[in-house]
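Here is how the chains run, residue by residue.
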Amino acid sequence: MNGNENLLQRTFQRVLGQWRDITAGASDDSAPLGPDLAGRDADRVRKQMRACLEGLGGEVSARARAAGLGRAYMSLTAEGRARFLRILGTEFDTDRQAITAAAVGLDELDDWGGRKRRERQLRAALEPPRLRLLTQFNALPDGVKFLVDMRATLLDLAAGDEVFADLEADLKSLLSSWFDVGFLELRQITWDTPAAIIEKLIEYEAVHEISDWDEMKSRLGVDRRCYAYFHPRMPDEPLIFVEVALTAGIADNIQSLLAPRDRRDVAGVADTAIFYSISNCQRGLDGIGFGGFLIKRVVDQLAAEMKRLEAYATLSPIPGFRAWLERYLAETPDELLTRGERRALAVFHGNGESDAERLAALLVRPGWHAEAGLAKALAAPLARLCAHYLAREKRRSGRALDPVAHFHLSNGARMERVNWLADTSPKGLAQSAGLMMNYLYDADEIPGNHEAYTGAGEIPASSRFRALLR
C-alpha cells in the first residue's frame, strides 16, 4: 500500500467514526453488507439509495440515511465499490422519456410564459437523480472529502466505460462549482504548521521525493517557502502545494538546489524565486485546475513580502522527453548531428551507425552521464532535440506535447533555458536524460504570453532558447 492509499484509508476510518454517530438510531436495515456487494446486498443498496432520494422524515433523518449509505460504500472492497457505483450510474440516471416529453414542441411554443415553464421542465429532466443523492453527502462531516475520494475511484474506472464516465462527469461538475478558486484559502506551510499537515505534504510530494522529516525541515528553511491551497470544508487536507527556493540567479541543477546546507547567507542576497515542485494532493480533483492560480497568488505574495526579488522562474522536469526521444530516434535515423558532434561521439561509439543509432546506444550505456567526455559530447545535440520536443512537438489541439510545458505556457510563462544534467537522479535520467527546464514568469508578459499560447498556439521563448531551434 503506497502513502496516498494509507492516507485514504485513514480518512475513511475517521469518516466512518463520525458518520457512525449520525446513523445511530436510524431505522434503516443496519446489518453489514457483504464486502463485494453481491446478490441481495445490491438490492439493499438500491433501497437505501431510493430512501435517500425520497427525503422522508425531515433533515435529521435525511442526514442519517446519507451517512448510512456512505458508510455502506466505505465498507466495500474495490469490486463492491465498482458495483455500488454502477448501480448509481445506471439506475439513477436521467429519465429519457421525461426529457423527450419536455423537449417535444419546445421550438413551436409562442407563449413566453409557457416556453419558460417548458424550459424549466427540461432542465429538471436533464438533471439525473444521482446528482441530488451525491449532494446529500456535502452536508455531512468530511462529506466533501468523501466525494473527492469517490471521484478518484471513478477516474480509475471510467476509461472505456460510459456508465462510469458519465457518473464521473456529473461528480466533476459538482466539485468544480464547490472548488471555485474564490473559495480557497492560501496558507504558507512552515515548520510550525501542524505535523499532520506536514506529514501529508511528505506523502503527496510527486516531483522530488521527500525521504524523511529532516529533508522536509530543510525544504521549510530560511531560504525556502511552501504554500498550499485549502478548502473550508477540508481544512486539514491540502489540495495542491508549491515549493519555492530563494536563490541568487536562476537555478540550473535540482540536486544542488535540494542539497542540505546552511543557507542563511543565500537568503540574505536572494534575487530570484524558483518554483521547483508543484504537487496535486487530491486525485479526485484532477482536471479542476488550481496550479496556475496558485503560482500567481504566490508570486503576488512574494513580491509584496520581498521587494528585492527580480525574477520568478521554475526549475521544471521534462517528463515526456525521453519517451518521445526513443520514438523519434527510431523514426528519424540521420541528419541529427553536426559534423563536429559526429566526430566527438565516434570516440565513444563506432562510426558505422546512423546518428540515431549512435545516440540511442550511448543513452542506454550504464553511467553515461558520469563520463565527463561523453556527457560533454552529448550536451549540444540532446539540448537541441529537447528544445525541438518542447517547442515543436504538439498535440492535435496545437498545444505543447509535454504536460509540464503546457501547464506553464497556459499560465503565461515563457521558455527560458534548457539545463544540461540538471537532474541526475534515476527518475530524472529515465524521464528526460537529466535535462530540466526553466520557465520564466514575468509579470508584464504573463497576459500576452497566455493569449499567444492559448489563442494561436505560439510558444513564447527567450532568445537563448530560440537559438537551440535554429
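Look up: the structure comes first, before these words.
Keep in mind it's a predicted model, so treat the numbers as computed, not measured. (Residues numbered from 1 in each chain as written. Predicted model: local features only at pLDDT ≥ 70, side-chain atom pairs only at ≥ 80, totals over all residues. Heavy atoms only, no water.)

*Asks:* For this particular structure, what's the right way to read the overall build of the chain?
*Replies:* From N to C terminus, the chain includes 22 helices and 7 strands. Along the longest, intermediate and shortest principal axes, the C-alpha atoms of the chain span 80 × 55 × 45 Å. Split into buried and exposed, the 470 residues of the chain put 49% on the buried side. Across the chain, the fraction of contacts at a sequence separation of at least 24, relative to all contacts at a separation of at least 6, is 71%. Charge centroids of the chain, computed over 61 positive and 67 negative side chains, lie 1 Å from each other. (Helix = DSSP H or I, 4+ residues; strand = E, 2+ residues; numbered from the N terminus. Buried < 20%, exposed > 50% of the residue type's maximum accessible area, 1.4 Å probe, protein only. Contact = heavy atoms within 4.5 Å. Lys, Arg positive; Asp, Glu negative; His and termini not counted. Charge placed at Lys NZ, Arg CZ, Asp CG, Glu CD.)

*Asks:* Quick question: what am I supposed to make of the pattern of salt bridges here?
*Replies:* Two side chains carrying opposite charge are able to pair once their charged atoms lie near each other. Enumeration over the complete set of coordinates arrives at 30 salt bridges. Glu 445 is paired through a salt bridge with Arg 414; the nearest N and O atoms lie 3.0 Å apart. Here the residue Glu 445 occupies a position in the loop between strand 7 (436–441) and helix 21 (446–456), and Arg 414 occupies one in strand 6 (residues 414–419), the gap between them amounting to 31 residues. The exposure class assigned to Glu 445 is partly exposed, which follows from its relative accessible area of 30%. Ionic contacts of the salt-bridge type, sharing partners, join the residues Asp 93, Arg 96, Arg 130 and Asp 170 into one network. (Salt bridge = Lys/Arg side-chain N within 4 Å of Asp/Glu carboxyl O.)

*Asks:* Looking at this structure, how should I read the sheet that holds strand 2 (residues 224–230)?
*Replies:* In a beta sheet, neighbouring strands pair by backbone hydrogen bonds and run either parallel or antiparallel. One open sheet holds the 7 strands; their spatial order is 1-2-3-4-5-7-6, and the pairing between them is mixed. With partners counted over all chains shown, the strands left at the sheet margins are strand 1 (185–188) and strand 6, one partner each. Within this sheet the neighbouring strands show an average axis-to-axis angle of 30 degrees, counted without direction. Note that strand 1 and strand 2 share 4 bridges and pair antiparallel. Across the sheet, Leu 186 pairs through a bridge with Tyr 229, a residue of strand 2. Against the sheet, helix 19 (residues 403–410) makes contact with strand 4 (272–280), strand 5 (311–314), strand 6 and strand 7, and its axis sits at roughly 10 degrees relative to strand 7, the strand it touches most. (Pairing = 2+ DSSP bridges. Axes fitted to C-alpha atoms, helices over the stretch in contact; angles between N-to-C directions.)

*Asks:* What is the right way to read the layout of surface pockets from this model?
*Replies:* Here the idea is plain: a probe the size of a water molecule rolls over the atoms and shows the empty space left. Taken as a whole, the largest pocket encloses approximately 1000 Å³ of empty space. Along its surface, the largest pocket is lined by 44 residues, and Val 207, Ile 278, Ser 279, Pro 317 and Val 404 are the ones closest to its centre. Looking at the lining of the largest pocket, the elements with two or more residues in it are helix 12 (254–258), strand 4, helix 14 (291–305), helix 19 and helix 20 (426–432). Here the lining of the largest pocket takes 6 residues from strand 4, the largest share from any one element. (1 Å grid on protein atoms, 1.4 Å probe; cavity = no way out; pocket = protein on both sides within 12 Å on 5 of 7 lines; lining within 4 Å. Points joined across faces, edges and corners; volume = space filled by probe spheres on them.)

*Asks:* Any chance you could explain empty space enclosed by the protein here in plain terms?
*Replies:* Throughout the structure, instances matching the rule amount to 1 cavity of 30 Å³ or more. There is about 30 Å³ of room inside the largest cavity. Lining the largest cavity, in full, are Pro 317, Ile 318, Pro 319, Asp 423, Lys 427, Gly 428, Gln 431, Ser 432, Leu 435 and Met 436. By residue number, the principal contributor to the lining of the largest cavity is helix 20, which donates 4 residues. Grouping the constituent residues of the lining of the largest cavity by class yields 5 nonpolar, 3 polar and 2 charged. (Nonpolar A, V, L, I, M, F, W, Y, C, P; charged D, E, K, R; others polar.)

*Asks:* How should the nonpolar core be read in this particular structure?
*Replies:* Nonpolar side chains in soluble globular proteins tend to be buried together. Core analysis: the largest hydrophobic core is formed by 109 residues, its most contacted members being Phe 84, Met 150, Phe 179, Phe 321, Leu 390 and Phe 465. The element best represented in this core is helix 18 (residues 372–392), accounting for 12 residues. If we ignore the near neighbours within four places in the chain, the residues touching Phe 179 are Val 144, Val 148, Leu 184, His 231, Met 234, Leu 239, Leu 285, Ile 288 and Phe 290. Membership of the second largest hydrophobic core comes to 14 residues, among which are Ile 198, Ala 228, Phe 230 and Cys 281. (Core = buried A, V, L, I, M, F, W, Y, C linked by side-chain atoms within 4.5 Å.)

*Asks:* Looking at this structure, how should I read the environment of Ile 288?
*Replies:* Among the structural elements, Ile 288 can be located in the loop between strand 4 and helix 14. Note on Ile 288: relative accessible area 10%, which makes it buried. For the pair Ile 288 and Ser 176, spaced 112 residues apart in the sequence, the C-alpha separation amounts to 6.1 Å. Those residues within four positions of Ile 288 in sequence are excluded, and the remaining contacts are Arg 151, Lys 172, Leu 175, Ser 176 and Phe 179.

*Asks:* Got a minute to help me understand the packing of helix 3 (residues 58–74) against helix 4 (residues 78–91) in this structure?
*Replies:* Between two packed helices, what matters for the description is the angle formed by their axes and the separation of those axes. Where helix 3 contacts helix 4, the two axes come as close as 9 Å, and the packing angle between them is 140 degrees. Here helix 3 is positioned oblique relative to helix 4, judged by the angle of their axes. In this structure, helix 3 contributes Leu 69, Tyr 73 and Met 74 to the contact, and helix 4 contributes Arg 81, Phe 84 and Leu 85. Of the residues that constitute the contact of helix 3 with helix 4, the class distribution is 5 nonpolar, no polar and 1 charged. (Parallel < 35°, antiparallel > 145°, perpendicular 65-115°, else oblique.)

*Asks:* Would you mind showing me how to read helix 2 (residues 40–54) here?
*Replies:* Residues spaced three or four apart along an α-helix face the same direction, because each turn holds 3.6 residues. Between the first and last C-alpha of helix 2 there are 21 Å, a value that for 15 residues agrees with the 21 Å anticipated at 1.5 Å per step. Buried residues along helix 2 sit in contact with helix 3, helix 4 and helix 7 (129–136). Once helix 2 ends, the next one or two residues include Gly 55, with phi positive near 65 degrees. (Expected span 1.5 Å × (residues − 1).)

*Asks:* Can you walk me through the packing of aromatic side chains in this structure?
*Replies:* Aromatic ring pairs: the centre-centre distance and the angle between the two ring planes describe each pair. Applying the stated criterion across every chain, the model contains 10 aromatic pairs. Pairwise contacts between aromatic rings join Tyr 73, Phe 84, Phe 137 and Phe 146 into one cluster. Seen from the ring of Phe 230, Arg 187 lies directly overhead, with NZ or CZ sitting 3.7 Å from the centre. (Phe/Tyr/Trp six-rings, centres within 6.5 Å; stacked < 30°, edge-to-face > 60°. Lys NZ or Arg CZ within 6 Å of the ring centre and 35° of its normal.)

*Asks:* Can you help me understand the packing of helix 4 against helix 8 (residues 143–157) in this one?
*Replies:* The contact between helix 4 and helix 8 brings their axes to 11 Å, and the two run at 90 degrees. One finds that helix 4 runs roughly perpendicular with respect to helix 8. Within the contact between the two elements, helix 4 uses Ala 82, Phe 84 and Leu 85 and helix 8 uses Met 150, Thr 153, Leu 154 and Leu 157. Per-class residue counts for the contact of helix 4 with helix 8 are 6 nonpolar, 1 polar and no charged.

*Asks:* How should unusual backbone geometry be read in this particular structure?
*Replies:* Leave glycine aside and you will find that most residues have negative phi; peptide bonds, for their part, are mostly trans. Backbone geometry at Asp 142 places phi at a positive 60 degrees, although glycine is not the residue there. As for its position among the elements, Asp 142 is in the loop between helix 7 and helix 8. Its relative accessible area of 17% is what places Asp 142 among the buried residues. Positioned with a positive phi, Ala 433 is a non-glycine residue whose angle comes to about 55 degrees. Structurally, Ala 433 can be placed in the loop between helix 20 and strand 7. Given a relative accessible area of 0%, Ala 433 falls into the buried group.

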